[in-house]
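So the chains spell out like this:
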Amino acid sequence: PEVVIVDNGSSDQTLAIASGFPISQIISESEYIPGKALNRGIEATTGEIIVLLSAHCVPRDSQWLGQLIQAFDRGIVGVYGRQLPVAFSEAADFRDLVVTFGTDARVQTSDSFFHNANSAILRSAWHRTPFDEKVPNIEDRMWAKQIQSQGFKIAYEPRAAVFHYHGIHQNQRPQRARSTLEVLKQVEP
């Protein structure tokens, strides 16, 4: 497997820790634009299944990866997994994760919720529709909406779980909510 890290000037020893593992490539991005970082990382790989995992997500168990990619057997082009809070998650983030990421697997044909912090996509789908490099957030949901409009399906697989300290609303930060709303208006007019 190829392991590519896209680093945005991390200051938390990420690169030092990663140096102890077989990393294929490290890509540095000076400006943090999620879609751009994802696209640069994917461009550096050759595999048909692309696994996306945010640096602050930790797989719950050793079955995580197998559970995540198993859903592709059902004609799916993108799969996202469950996100679980950690002991130090803020109350609002804890609630977000528990409410958003339930225990029922599902295939989505029109619901465009997709979260790439813990996900996998097919390279062929990414070639058709790369991640938007202009939006500040929810590029994953925009990708899912576009891919579904082409007749493809995405899936949620709760058995592929990771621990993620913040929720999708990032502890109710007002600026984050405003920027998310602006992008959502493009996705769901």
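Definitions and cut-offs
Residues numbered from 1 in each chain as written. Predicted model: local features only at pLDDT ≥ 70, side-chain atom pairs only at ≥ 80, totals over all residues. Heavy atoms only, no water. Buried < 20%, exposed > 50% of the residue type's maximum accessible area, 1.4 Å probe, protein only. Helix = DSSP H or I, 4+ residues; strand = E, 2+ residues; numbered from the N terminus. Pairing = 2+ DSSP bridges. Contact = heavy atoms within 4.5 Å. Phe/Tyr/Trp six-rings, centres within 6.5 Å; stacked < 30°, edge-to-face > 60°. Core = buried A, V, L, I, M, F, W, Y, C linked by side-chain atoms within 4.5 Å. Salt bridge = Lys/Arg side-chain N within 4 Å of Asp/Glu carboxyl O. Patch = residues over 30% accessible without salt bridge, like charges linked within 9 Å, V, L, I, M, F, W, Y side chains within 5 Å. Areas by Shrake-Rupley, 256 points an atom, 1.4 Å probe, with all protein chains shown as cover.

## Here's the deal with the pairing of strand β1 (residues 4–7)
So, step 1. A one-sided burial pattern is seen for β1, the buried positions being Ile5 and Asp7 and the unburied ones Val4 and Val6.
So, step 2. The sheet contact formed by β1 and strand β2 (residues 25–28) spans four bridges and is parallel. Paired with Ile5 across the bridge in β2 is Ile26.

## Focus on helix α2 (residues 34–43)
So, step 1. α2 sits mainly inside the fold: seven of its 10 residues count as buried.
So, step 2. Considering only its buried residues, α2 is in contact with β1, β2, β3 (49–53), β7 (118–122), α5 (123–128) and α6 (139–149).

## Quick notes on the packing of aromatic side chains
So, step 1. With the rule as written, the count across this model stands at eight aromatic pairs.
So, step 2. On the numbers, 5.0 Å between centres and 40 degrees between planes, the contact of Tyr80 with Tyr156 is tilted. On the criterion of sequence distance, the pair formed by Tyr80 in strand β5 (residues 78–84) and Tyr156 in strand β8 (residues 154–164) is long-range, its members being 76 residues apart.
So, step 3. Ring centres of Phe101 and Tyr156 lie 6.3 Å apart, and the angle between their planes is 40 degrees; this geometry places the pair in the tilted category. With Phe101 in the loop between α4 (91–100) and β6 (106–108) and Tyr156 in strand β8, this residue pair connects regions lying 55 residues apart in the sequence. In this structure, Phe101 and Tyr156 share a single accessibility class: buried.
So, step 4. Three or more aromatic residues link up through ring pairs in this structure, and these residues are Tyr80, Phe101, Phe113, Phe114, Phe131, Trp143 and Tyr156.

## A few points about the nonpolar core
So, step 1. Residues Ile42, Val79, Phe114, Ile121, Phe131 and Trp143 are the most contacted members of the largest nonpolar core, which totals 32 residues.
So, step 2. Going through the elements one at a time, α2, β3, α3 (64–70), β5, β7, α5, α6 and β8 are the ones with two or more residues in this core.
So, step 3. Counting residues per element, this core draws most heavily on β8, which supplies five residues.
So, step 4. For Phe131, the residues in contact, after removing those within four places along its chain, are Gly35, Leu38, Asn39, Ile42, Leu52, Asn116, Ile121, Trp126, Glu139, Asp140 and Trp143.

## A word on the pattern of salt bridges
So, step 1. By the definition in use, this model includes six salt bridges.
So, step 2. For Lys36, the salt bridge goes to Glu29, with nearest N and O atoms at 3.7 Å.
So, step 3. Glu43 is paired through a salt bridge with Arg40; the nearest N and O atoms lie 3.4 Å apart. Of this pair, Glu43 and Arg40 are both found in helix α2, three residues apart, which corresponds to roughly one turn of the helix.
So, step 4. By relative accessible area, which is 48% here, Glu43 ends up partly exposed.
So, step 5. The exposure class assigned to Arg40 is partly exposed, which follows from its relative accessible area of 23%.
So, step 6. Counted as one network, the salt bridges with shared partners bring together Arg40, Glu43 and Glu133.

## With respect to a nonpolar patch on the surface
So, step 1. The grouping of Ile49, Val51, Leu65 and Ile69 at the surface amounts to a nonpolar patch, some 270 Å² of accessible area in total.
So, step 2. The set of elements that each furnish at least two residues to the nonpolar patch consists of β3 and α3.
So, step 3. One can find Ile69 in helix α3.

## As for the environment of Gln70
So, step 1. Topologically, Gln70 is positioned in helix α3.
So, step 2. For Gln70, a relative accessible area of 41% corresponds to the partly exposed category.

## Focus: the environment of Ile33
So, step 1. Counting through the fold element by element, Ile33 comes out in the loop between β2 and α2.
So, step 2. The exposure class assigned to Ile33 is buried, which follows from its relative accessible area of 16%.
So, step 3. Residues Ile33 and Asn137, spaced 104 residues apart in sequence, show a C-alpha to C-alpha distance of 7.8 Å.
So, step 4. Excluding anything up to four places from it in sequence, Ile33 contacts Glu133 and Val135.

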